[in-house]
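Residues per chain are reported as follows:
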Amino acid sequence: MAAPLVSVVIRSTARPTLGAALDCVAAQTYPALEAVVVAASGPSHPMLPAHAGPHPVRLVASGDALSRPAAANAGIDAARGEWITFLDDDDAIDSSHVAGLADVAQRGGIDAVASLARVRLADGSERSWGQPFALTEIYERNFLHLSTVLFSRTLLDAGCRFDVAFDIMQDCDFFLQ
């Protein structure tokens, strides 16, 4: 049985760290994966390689710079996968990250799955990020990071979108949906 396609949406402002983010996609052990890079910086975004390792890379071009929520919506609109996750162009994930999330999601018959994360700060120190899901707490603060959540396309079909009116907390609003 073939693994369902997972789309990794990367909102890119063409930072120098984009190559490292694509290297993380290249290293993923999950076999059916695509990278969807949204040129949030606008038309000046550089071209990209056609593949990150064995995984195809598609650039979603934009005539204008996009806000974070607009770039997220452009990415999910372009995603072809049954499952979708995010990786910002200045973040990294372990090589087994997508495979682990996909395994839990497919076994659980659920629409979304989240993991805890290990965060490395600018000073080199590390800390844990996240907690077990608690609906009441997400109304107070966002304890999820987009790259730790894998969600089913069915949620998009049900109308979940990033609200472009939010300059901040758009991720939290999306998770509440």
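In this text, all values refer to a predicted model and were calculated from it rather than measured experimentally. (Residues numbered from 1 in each chain as written. Predicted model: local features only at pLDDT ≥ 70, side-chain atom pairs only at ≥ 80, totals over all residues. Heavy atoms only, no water.)

### Re the environment of Cys-172
Piece 1. Mapping Cys-172 onto the fold places it in helix H6 (residues 170-176).
Piece 2. Judged by relative accessible area, which is 6%, Cys-172 ranks as buried.
Piece 3. Between the alpha carbons of Cys-172 and His-145 there is a distance of 8.9 Å; along the sequence they are 27 residues apart. (Helix = DSSP H or I, 4+ residues; strand = E, 2+ residues; numbered from the N terminus. Buried < 20%, exposed > 50% of the residue type's maximum accessible area, 1.4 Å probe, protein only.)

### Describing the side chain of Asp-173
Piece 1. When you line up the elements, Asp-173 lands in helix H6.
Piece 2. One buried charged residue, Asp-173, forms no salt bridge at all, with the nearest opposite charge on Arg-161 at 10 Å.
Piece 3. Apart from residues lying up to four places away in sequence, Asp-173 is in contact with Arg-161, Asp-163 and Phe-166. (Lys, Arg positive; Asp, Glu negative; His and termini not counted. Salt bridge = Lys/Arg side-chain N within 4 Å of Asp/Glu carboxyl O. Contact = heavy atoms within 4.5 Å.)

### Some points on the packing of aromatic side chains
Piece 1. Under the defined criterion, the tally for this structure stands at four aromatic pairs.
Piece 2. For the pair Phe-162 and Phe-174, a centre-to-centre distance of 4.1 Å together with 5° between the ring planes defines the contact as stacked. Residue Phe-162 is found in the loop between helix H5 (153-157) and H6, and its partner Phe-174 is found in helix H6; the two are separated by 12 residues along the sequence. Exposure class is identical for Phe-162 and Phe-174. Each is buried.
Piece 3. By way of ring pairs, the aromatic residues Phe-86, Phe-151, Phe-162 and Phe-174 are connected into one cluster. (Phe/Tyr/Trp six-rings, centres within 6.5 Å; stacked < 30°, edge-to-face > 60°.)

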